[in-house]
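# Geometric and topological summary
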Amino acid sequence: MAPNDSLLPIQNQIPIPNYVRILDTTLRDGEQSPGAAMSCKEKLEIARLLVKLRVDIIEAGFPSASSDDFNAVKMIAEDVGNDVDNDGYVPVIGGVCRCNKKEVAITWEAIKHAKKPRICAFIATSPIHMEYKLRKTKDEVLNMARDTVKFAQSLGCSDISFAAEDATRSEKQFLYQVLEEVIKVGATTVVIPDTVGVTMPFEYGKFIADIKKNTPGIENVIIATHCHNDLGLATANTIEGARAGARQLEVTINGIGERAGNASLEEVVMALKCRGNDSLGGLHTGIITRQILRTSKMVEEYSGMLLQPHKALVGANVFLHESGIHQDGMLKHRGTYEIISPEDIGLERSLETSIVLGKLSGRQALRKRIEELGYILNADEFEILFKKFKLLAGTKKRVTNADLKVLMSNEAYQDELVYKAA
């Protein structure tokens, strides 16, 4: 595993060219999922697991939103934000605010006791947001963005992230101008959100590339992605952003977040782990992937956002196989149908428990399971059992070991079958 880049005290540079910082915003954007509110204690416990994951930045919340949010962010900053590991690792703790001096000041009060505090300010730059939501002109938005970064610096904050909300629907020349101005006055990271998840992957990659090419001073900051999943493209857009030069990827555990959610940490990280060397130019993170499943389960429990069984990487069905063809391949070599090992994300599961017996299962899977249960059958006996198994499988979704033992205890077999004691 590559050294975690957070160990390096350079806020606006990444000395390792292909290292990608991971910002987790589960506790902020993730909690904005309808019905996903979490208590201060729950947020602190999740933050502690995010440390075990070794995320680079924890976006801990929106301190000015409420006293509860302020207290949660402050607690995380003081606790997790000062828990330096034996090798010197401690995450950056970020607090989010609008481009508003009052909110900036509140945010600084919440995070300032962390060893690595970050103010994460944002303002919308798209025509539709400026006209209908902000009711501000371009000049007003530009001045608010610049003044916010300057004010954050005046408070003593040296790590300032600026996000251009709805960047992908903004006029490019205006966006370049806003980014140039915040970089001039001290922003260390600029975030390019696909706020409504409307961008195609090839468009988002080009968007990042155009920003790199046309924004004066962009070489002095980190470019970050922040992609939403309204069209199911958040992970793909995030990967394309990284390929185009973004070196901070903003994600949530299980992909929770506003509306259809955010780019999923587990999907983005494992895509880089699986394909980083051969397809993505060596892009990599410092995430300890064995902690993924544990963190996923905690977020699912505390947020109440239940996972679909087929959710990539952390869904209940991901490492289960029922089709006879797939089961036969898995019994011969796991790599036939699994691109990662369950252990890679922290799932301790044997090959045997990955095989689900059902109506699509074939002879090889049934024979293997019968042998594991200790039964010895000749060819004719097995064919009789297989027919009974298929009849039973047609009436229920899964055939369990207990079901098989009932089939094996049928009086018609008792005199003929031999049970091998364990």
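Residues numbered from 1 in each chain as written. Predicted model: local features only at pLDDT ≥ 70, side-chain atom pairs only at ≥ 80, totals over all residues. Heavy atoms only, no water.

An unreviewed UniProt entry lists the protein chain under the name Pyruvate carboxyltransferase domain-containing protein, with Vicia faba given as the organism.

### Topic: the pairing of strand 1 (residues 21-24)
The condition is simple: Remark: exposure states derive from per-residue accessible area (1.4 Å probe, protein chains only) relative to the maximum for the residue type, with buried under 20%, exposed over 50%, and partly exposed in between. Strands here are runs of E lasting at least two residues and helices are runs of H or I lasting at least four, both read from the DSSP assignment and numbered beginning at the N terminus. Two strands are counted as paired when DSSP detects at least two bridges linking them.
Residues of strand 1 alternate between two faces, with Arg21 and Leu23 on one and Ile22 and Asp24 on the opposite face, all of them buried. For strand 1 and strand 8 (residues 248-251), the ladder comprises four bridges, and the chain directions are parallel. Along strand 8, the bridge assignment pairs arginine 21 with glutamine 248. Examined bridge by bridge, strand 1 and strand 2 (residues 57-61) share two bridges and lie parallel to one another.

### Describing unusual backbone geometry
With phi around 70°, arginine 54 is a residue other than glycine that occupies positive phi space. Note that arginine 54 resides in the loop between helix 1 (40-53) and strand 2. In this structure, asparagine 254 takes a positive phi of about 65° despite not being glycine. Among the structural elements, asparagine 254 can be located in the loop between strand 8 and helix 9 (265-279). We classify asparagine 254 as buried; its relative accessible area is 7%.

### Side note on the nonpolar core
The condition that has to hold: The term nonpolar core refers to a set of buried residues drawn from Ala, Val, Leu, Ile, Met, Phe, Trp, Tyr and Cys, joined through side-chain atoms within 4.5 Å. Pairs of residues are marked as contacts when any of their non-hydrogen atoms sit within 4.5 Å.
Counting 89 residues, the largest nonpolar core has Ile58, Phe162 and Ile192 as the members making the most contacts within it. Not counting residues within four places of it along the chain, the set of residues in contact with isoleucine 58 comprises Asp24, Leu27, Ala47, Leu50, Val51, Val80, Pro91, Val92, Ile93 and Gly94.

### A word on the pattern of salt bridges
How we decide: Salt bridges are defined by distance alone: a side-chain nitrogen of Lys or Arg within 4 Å of a carboxyl oxygen of Asp or Glu.
Considering all chains together, one arrives at 26 salt bridges under this definition. Note that lysine 41 is salt-bridged to glutamate 45, the shortest N-O span being 2.4 Å. One end of the pair is lysine 41 and the other is glutamate 45, both in helix 1 and four residues apart, which spans about a single turn. Note on glutamate 45: relative accessible area 18%, which makes it buried.

### Some details on the sheet that holds strand 8
Test applied: Axis definition: a line fitted to C-alpha atoms, limited for helices to the stretch in contact. Angles are taken between N-to-C directions and run from 0 to 180 degrees.
If you walk around this closed barrel you meet the eight strands as 1-2-3-4-5-6-7-8, and the pairing is parallel. The average undirected angle you get between the axes of adjacent strands in this sheet is 25°. Bridge count for strand 6 (residues 189-194) against strand 7 (residues 222-227) is six bridges, and the pairing is parallel. In the sheet register, proline 193 faces strand 7, and the bridge partner there is histidine 226. Sitting on the sheet, helix 3 (residues 101-111) touches strand 3 (92-98) and strand 4 (117-124), and the angle it makes with strand 3 is about 160°. Of the strands in this sheet, strand 6 and strand 7 are in contact with helix 7 (residues 201-214), which crosses strand 7 at around 155°.

### What about the packing of helix 6 (residues 172-184) against helix 7?
To keep it simple, the criterion reads: Roughly parallel refers to an angle under 35 degrees, roughly antiparallel to one over 145, roughly perpendicular to one between 65 and 115, and oblique to any angle outside these ranges. Each helix crossing is assigned a hand: it is left-handed if the near helix lies turned anticlockwise from the far helix by less than a right angle, otherwise right-handed if that turn is clockwise. The residue classification treats Ala, Val, Leu, Ile, Met, Phe, Trp, Tyr, Cys and Pro as nonpolar and Asp, Glu, Lys and Arg as charged. All others, Gly included, are polar.
Axis separation between helix 6 and helix 7 bottoms out at 10 Å; the angle between their running directions is 55°. Our classification of the angle between helix 6 and helix 7 gives oblique. In this structure, helix 6 crosses over helix 7, and the sense of that crossing is right-handed. Along its contact with helix 6, which presents Lys172, Leu175, Tyr176 and Leu179, the element helix 7 presents Lys206, Phe207, Asp210, Ile211 and Asn214. Residue composition of the contact of helix 6 with helix 7, by class: five nonpolar, one polar and three charged.

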